[in-house]
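Coordinates in review
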Amino acid sequence: MTAEKTVLLLFAALAGAGMGIGTYTFVYAKGTSYISNDPKVCDNCHIMNKEYDGWVKSTHHAAAVCNDCHTPHNLVGKYETKGLNGFWHSFYFTTGAYPDNIQIRKRNRSIAAANCRRCHSDIVHAVDGRYPKAQALDCLRCHSEVGH
Amino acid sequence: NIFERKQEAKNPFFRVVDLDEETEDPAVWGKDFPFQYDGYKRTSEMRPTRFGGSEAVSRVPTTEDPRKSVSRSKIEADPRLKTMWAGYSFAVDFRERRGHAYMLDDQTYTGRQKADPPGTCIHCHASVVVPYRKLGDGDLMKGFSKMNALHYTEARKLVSHPVSCIDCHDPKTMALRVTRPGFLEGIKALKASQGTKDYDPNLMASRQEMRSFVCGQCHVNYYFRKPDKRLVYPWTKGLTVEDAIAHLDKDKFQDWVHADTGANALKARHPEFELWNQGIHARAGVACADCHMPYKREGAMKISDHHVRSPLLNINRACQTCHKSPEEELKARVEAIQAKNERLRGEAMDAVVALIGDLKKAKDQGRKDPAFAWAGDLQRKSQFMVDFVCAENSEGFHAPQEAARILGRAMDLARQGQIVLRDAAFKPTEPLSGPQ
Amino acid sequence: NIFERKQEAKNPFFRVVDLDEETEDPAVWGKDFPFQYDGYKRTSEMRPTRFGGSEAVSRVPTTEDPRKSVSRSKIEADPRLKTMWAGYSFAVDFRERRGHAYMLDDQTYTGRQKADPPGTCIHCHASVVVPYRKLGDGDLMKGFSKMNALHYTEARKLVSHPVSCIDCHDPKTMALRVTRPGFLEGIKALKASQGTKDYDPNLMASRQEMRSFVCGQCHVNYYFRKPDKRLVYPWTKGLTVEDAIAHLDKDKFQDWVHADTGANALKARHPEFELWNQGIHARAGVACADCHMPYKREGAMKISDHHVRSPLLNINRACQTCHKSPEEELKARVEAIQAKNERLRGEAMDAVVALIGDLKKAKDQGRKDPAFAWAGDLQRKSQFMVDFVCAENSEGFHAPQEAARILGRAMDLARQGQIVLRDAAFKPTEPLSGPQ
Ligand SMILES: [Ca+2]
Ligand SMILES: [Ca+2]
């Protein structure tokens, strides 16, 4: 985390100079359309190939695109998340400082989990139940592979 | 809390009757929750798997025992069990478990009734929430103590249903809850031993934990503490088989005196909760209900399948959300684990039976020396260990490595008993620690 | 085959040298495949995990033994091993394994060289493809036989590298291949016992199978058949520990005569391939290379990590392709399995050591009766079983249930040996079947 913060500062400086590597990658990876909903946009990075290929074969291919699951569905949150993720993905991609088996981060995991309910609340509200501590069911415990 | 409000707003169940703490009859709950009730009733179906499920054996009903079917006898299938339990009621009648629908009848009519069991037994074989409260003038714990003091036949008259909705659910919110005094006290003692004081699962457990705790109310190893016959889960040292023995040794407890050997013997009972706890699934946060009550689609909703049964009769829902292998392969994996366990279990039982044979001979010869006593203590321990795995109902699946470890230790101790009987100078690796 | 053609079409490696069946030096292969060669060289790094990996112990090089470091001594860490191996070279020097880079040196300079081992040893500690062919006038099998007949010190002069590219790869296609006579003959015998005649892995194995077979060339239990000292994998009955014993009994083989007891003892060696075979990962089709040589990104390419090592030093690549749990949790799961195994292993070793103690006394008393012989045979068997798990290098992880089962059986048999020694009328559950 602290490493990330340092890097963030560094990049803020670079971005100010208008020539960050992030920006470079952003363009290189056809990032102008990062903001669009087309899954091909994500697949501009070969790193995302595995998920893209999985998604193409998944039950959700016709139902949900990457952003349906990976960005929050209120306008501010959506672009904030895209901004953040877009920045970090570009950064990691350019520096290569990411693990071979990418692991979803906590924040992004809960975004995905919330999105399940957006589409499936009808079918699951019976089992979601009402608990003193509002302990929502964790869909991903059983369905982590629905998207890809 | 937004989430909760949303949930309330769209509660999919149309409540036609008002449920409260007095509503004992599951059929009434079934009016509000017909799908869950349908599943619940289907626990009367009997279908065997290779090592589990249940198979109906037809019988002619009598006035003494009106049951039309029973499940297979375990002691007839493996007479070594009779040797292990000589002098105890389990050597008279012990059958395979079957669905929840049968729990009250199977207890009422078991041959073990000849031993005149106490009302304590009811704790796990009936819907007791309403009866306990009634008997205790509104106080569940008091009712529990009072029912324990009755003879079974008297206590039996106070209950009417097998485990029912009210035993696991809050009638207002339908949230899971633990209602069994045995579990409440047991888990409190366990958590205290781990440094958490005054643990109350109904306030402190996560929802996911509750999805196992409701089963752990009954699917556990227990004993009737002396002299008050209070139902106790021997968890003060932990949940392993060694922890249970240490607890029982400290309490100087024995279930009975072995008829052939005079050993102060122990009976292990269905430690599903304890063994599961040692396995990889528990470690990975997989609950009993995940496998035994998986979600099921009914029309436009998902519900928990209340047809509690062997997951091998329901592999698609029970396993395949997490394991993408084909059904046949998953079944084969389970059976491979179980077959290995079954074989080792047989070898371990042979060791215990051999020790019992030696002890019987020694006893007949009138031996009373320290070596004889030590060998008897090793019978107590090794037999309890084998029994822990035999009485557990998954044939090793819930924790394969741990089950094999226990059986291995059992063989080690039983054989050491045979050695010390022949050679008083031999020092077994386990001290004589049981009651004398 | 479309897949293969695709692979060929986009072969990302730029070949700068031509490799052929004469190219022994890995550095030359490294010109074509620099990333794989880099990984290969890094097997000289030493890093411990809780139960595996390897830790460097510095030493002052001498002319006799120029090594600057060795790995930890296992017999000093657990002196019970010396009792088990009394009279055998393993009681003199036995260390933890370490990376492939050391295999030739560690063999050349081990204290076990005092036993004057045969050239057969080289089979698994050097790149032998070129040397075997040279010695056999182009015929690998003939070269193997010829080298077996030499003294180690002579054979040693014929080889120059630890296991190398040519031992696992076809130099033209880079396809995996099995080059070890021991494995070729062993797997053929195994498959024959299962009904498949003339099995040849290089023609008949799937690619996924080859990803384990290349390791199974060496990471297996073996013996030097008498009188020709041929290297044999005792697989004619199957791959379990009981199968190995049955094979060795039938061959009336013993590794040595136990110094304390006179038993015809057996030595188990690194049965990784065999134990893995009994586990859930093998059943699920997970190969050695999946965990020990996982894919790794190098620039825009994915290559197999040729830095063969403990997967716990590389969890993200080795495990998280399949298991989505956090690294720390995966490590903890493995260690929980290993800790259980370690404890049970200790208890089993105690049983064997106790039997050895009893046998030694009996031998000193001059006993030669049938009961003494039977007890010796039980030492042979139980000791081999414990050794099977000790010598296996995953501390039980490759097949937790099976490892625990084996240890349990070992305790059972060792203790029975102690009984029969004290009571000639006692009938052990295993017949006396080893050589006398
Ligand atoms: Ca059953
Ligand atoms: Ca090592």
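Residues numbered from 1 in each chain as written. Chains lettered and ligands numbered in written order. Predicted model: local features only at pLDDT ≥ 70, side-chain atom pairs only at ≥ 80, totals over all residues. Heavy atoms only, no water.

**Remarks on the overall build of chain B**
From N to C terminus, chain B includes 21 helices and eight strands. For the C-alpha atoms alone, the extent of chain B along its principal axes is close to 75 × 55 × 55 Å. In chain B, which comprises 436 residues, the proportion classed as buried is 58%. By sequence separation, contacts in chain B at least 24 residues apart represent 66% of the contacts at least 6 residues apart. For chain B, the exposed surface amounts to about 18400 Å²; the carbon and sulfur share of it is 55%. Put simply, chain B has 68 plus and 60 minus side-chain charges, and the middle of one group is 1 Å from the middle of the other. (Helix = DSSP H or I, 4+ residues; strand = E, 2+ residues; numbered from the N terminus. Buried < 20%, exposed > 50% of the residue type's maximum accessible area, 1.4 Å probe, protein only. Contact = heavy atoms within 4.5 Å. Areas by Shrake-Rupley, 256 points an atom, 1.4 Å probe, with all protein chains shown as cover. Lys, Arg positive; Asp, Glu negative; His and termini not counted. Charge placed at Lys NZ, Arg CZ, Asp CG, Glu CD.)

**A closer look at the interface of chain C and chain B**
Listed by partner, the interface residues are 32 residues for chain C and 32 residues for chain B. Buried area between chain C and chain B, both sides added, is near 3000 Å², and the carbon and sulfur share of it is 56%. The largest per-residue losses of area from chain C upon contact with chain B belong to C:K340, C:Q401 and C:R415, which jointly make up 23% of the total buried on that side. For the pair chain C and chain B, the number of links is 12 salt bridges. C:R343 is the partner of B:E242 in a salt bridge, and the nearest nitrogen-oxygen pair spans 3.5 Å. (Buried area = accessible area lost by both parts, 1.4 Å probe. Salt bridge = Lys/Arg side-chain N within 4 Å of Asp/Glu carboxyl O.)

**Considerations on helix α21 (residues 400-422) of chain B**
Across its 23 residues, α21(B) extends 34 Å between first and last C-alpha, which sits within 8% of the 33 Å expected from 1.5 Å per residue. Burial analysis of α21(B) places 21 of its 23 residues in the buried class, the great majority of the element. (Expected span 1.5 Å × (residues − 1).)

**Structural notes on the pairing of strand β8 (residues 301-304) of chain B**
Residue and element names in this part refer to chain B. By the alternation rule, side chains of β8 split into M301 and I303 and K302 and S304, which are all buried. Note that strand β7 (residues 295-298) and β8 share four bridges and pair antiparallel. Its bridge partner being in β8, R297 is matched across the sheet by K302. The antiparallel hairpin formed by β7 and β8 contains two residues in its connecting segment, where G299 sits at a positive phi of about 60 degrees. (Pairing = 2+ DSSP bridges.)

**Considerations on the coordination of the calcium ion (ligand 1)**
Residue and element names in this part refer to chain B. G53 (O), R97 (O) and R97 (NE) make up the full set of protein donors to the calcium ion (ligand 1), lying at 2.1 to 2.7 Å. Pair noted here: G53 is in the loop between α3 (34-41) and β1 (57-58) and R97 is in the loop between α5 (80-84) and α6 (103-109), with a separation of 44 residues, a long-range link. Classification of G53 by relative accessible area gives buried; the value is 18%. (Donors = N, O, S within 2.8 Å, 3.2 Å for Na, K, Ca; no water.)

**With respect to the environment of B:P311**
Residues and elements named next belong to chain B. Along the chain, P311 turns up in the loop between β8 and α18 (315-318). C-alpha of P311 to C-alpha of H292: the two residues are 19 residues apart in sequence and 5.6 Å apart in space. Not counting the four nearest positions on each side in its chain, P311 is found in contact with C291, H292 and A318.

**A short note on the packing of aromatic side chains**
In total, this model carries 39 aromatic pairs over all chains according to the counting rule given. Seen in terms of ring centroids, C:F273 and C:W276 are 5.6 Å apart; in terms of plane orientation they differ by 35 degrees. Their pairing is tilted. Note that C:F273 and C:W276 are positioned in helix α15 (residues 272-277) at a spacing of three residues, about one turn of the helix. Residue class for C:F273 comes out buried when judged on its relative accessible area of 3%. Members of the aromatic cluster, joined through ring pairs, are B:F183, B:F213, B:Y233, B:W235, B:F273 and B:W276. Over the ring of B:F94 we find B:K267, and its NZ or CZ is 5.7 Å from the ring centre. (Phe/Tyr/Trp six-rings, centres within 6.5 Å; stacked < 30°, edge-to-face > 60°. Lys NZ or Arg CZ within 6 Å of the ring centre and 35° of its normal.)

**Quick word on the pattern of salt bridges**
Applying the stated criterion to the full structure yields 88 salt bridges over all chains. Residues B:D249 and B:K381 are paired through a salt bridge, measuring 3.8 Å at the closest nitrogen-oxygen approach. Taken together, the residues B:D249 in helix α14 (residues 241-250) and B:K381 in helix α20 (residues 370-391) connect sequence positions 132 residues apart. Measuring nitrogen to oxygen at the nearest pair gives 3.0 Å for the salt bridge that ties B:E402 to C:K340. Here B:E402 is found in helix α21, whereas its partner C:K340 is found in helix α19 (residues 327-364) on a different chain. By the burial criterion, B:E402 is buried, and C:K340 matches it.

**Observations regarding the relation of the copies chain C and chain B**
When chain C is fitted onto chain B, the two copies agree to an RMSD of 0.1 Å after a turn of 180 degrees and an axial shift of 0.0 Å. Given the turn and translation reported, the copies of this chain are related as if by a two-fold rotation axis. When the interface residues of chain C are mapped onto chain B, 100% of them are again interface residues, pointing to one common binding face. (Least-squares fit on C-alpha atoms with pLDDT ≥ 70 in both.)

**Quick look at unusual backbone geometry**
Residues and elements named next belong to chain B. P227 follows K226 through a cis peptide bond whose omega is 0 degrees. Structurally, P227 is set in the loop between β3 (223-225) and β4 (230-232). Unlike most non-glycine residues, D116 shows phi in positive territory, near 55 degrees. Mapped onto the fold, D116 is located in the loop between α6 and α7 (129-135).

**Concerning the packing of helix α14 (residues 241-250) of chain C against helix α20 (residues 370-391) of chain C**
All names here are of chain C. Look at α14 against α20: their axes get within 10 Å of each other, and the N-to-C directions meet at 135 degrees. Considering their axes alone, α14 and α20 lie oblique with respect to each other. Where α14 crosses over α20, the handedness of that crossing is right-handed. In this structure, α14 contributes V241, E242, A244, I245, L248 and D249 to the contact, and α20 contributes R380, K381, F384, M385 and F388. Counted by class, the contact of α14 with α20 contains seven nonpolar, no polar and four charged residues. (Axes fitted to C-alpha atoms, helices over the stretch in contact; angles between N-to-C directions. Parallel < 35°, antiparallel > 145°, perpendicular 65-115°, else oblique. Left-handed = near helix turned anticlockwise from the far one by under 90°. Nonpolar A, V, L, I, M, F, W, Y, C, P; charged D, E, K, R; others polar.)

**A short note on helix α19 (residues 327-364) of chain B**
Compared with an ideal rise of 1.5 Å per residue, which puts 38 residues at 56 Å, α19(B) spans 54 Å between its outermost C-alpha atoms and is within 8% of the ideal. Phi turns positive one or two residues past the end of α19(B), at B:G366, with a value near 85 degrees.

**Looking at the side chain of C:S212**
Structurally, C:S212 can be placed in helix α13 (residues 207-216). You can call C:S212 buried: its relative accessible area is 2%.

**A look at the packing of α19(B) against α21(B)**
Residue and element names in this part refer to chain B. Their axes nearest at 9 Å, the elements α19 and α21 cross at an angle of 20 degrees. Considering the angle they form, α19 stands roughly parallel to α21. As α19 packs across α21, the resulting crossing turns out to be left-handed. Split by residue class, the contact of α19 with α21 holds 16 nonpolar, three polar and five charged.

**Some words on the confidence of the model for chain A**
With 71% of its residues at a pLDDT of at least 70, chain A reaches an overall mean of 75. Counting interchain partners and residues more than four positions distant, the pLDDT-below-50 stretch residues 1-34 of chain A has 31 contacts. (pLDDT = per-residue confidence, 0-100.)

**A look at the nonpolar core**
By size, the foremost hydrophobic cluster in this structure holds 106 residues, and its most contacted members are B:W85, B:F384, B:V386, C:W85, C:F384 and C:V386. Discounting chain neighbours no more than four positions away, the residues touching B:V386 are B:M84, B:A348, B:M349, B:V352, B:L407 and B:A410. Residues B:W29, B:A155, B:V220 and B:F273 belong to the second largest nonpolar core, which totals 44 residues. (Core = buried A, V, L, I, M, F, W, Y, C linked by side-chain atoms within 4.5 Å.)

**Regarding the confidence of the model for chain B**
Residues and elements named next belong to chain B. Per-residue pLDDT for chain B averages 95, and the proportion of residues at 70 or more is 97%. Note that residues 1-10 has pLDDT below 50 and, in this model, 15 contacts with residues that lie over four places away or in other chains. Confidence metrics for the complex model read pTM 0.93 and ipTM 0.92.

**Observations regarding the environment of C:L421**
Residue and element names in this part refer to chain C. Considering the arrangement of structural elements, one finds L421 in helix α21 (residues 400-422). Here the alpha-carbon distance between L421 and D358, two residues 63 residues apart in the chain, equals 7.8 Å. Every residue in contact with L421, bar those within four places of it in the chain, is listed here: D358, L359, A362, R367, F372 and A375.

**Details of the side chain of B:D358**
All names here are of chain B. Following the sequence through the fold, D358 ends up in helix α19. Relative accessible area serves as the criterion here: at 12%, D358 is assigned to the buried category. Polar contacts involving the side chain of D358 include one to the side chain of R422, which spans 2.7 Å. Excluding anything up to four places from it in sequence, D358 contacts Q418, L421 and R422. (Polar contact = N/O pair within 3.5 Å; in protein donor to acceptor, adjacent residues only side chain to side chain.)

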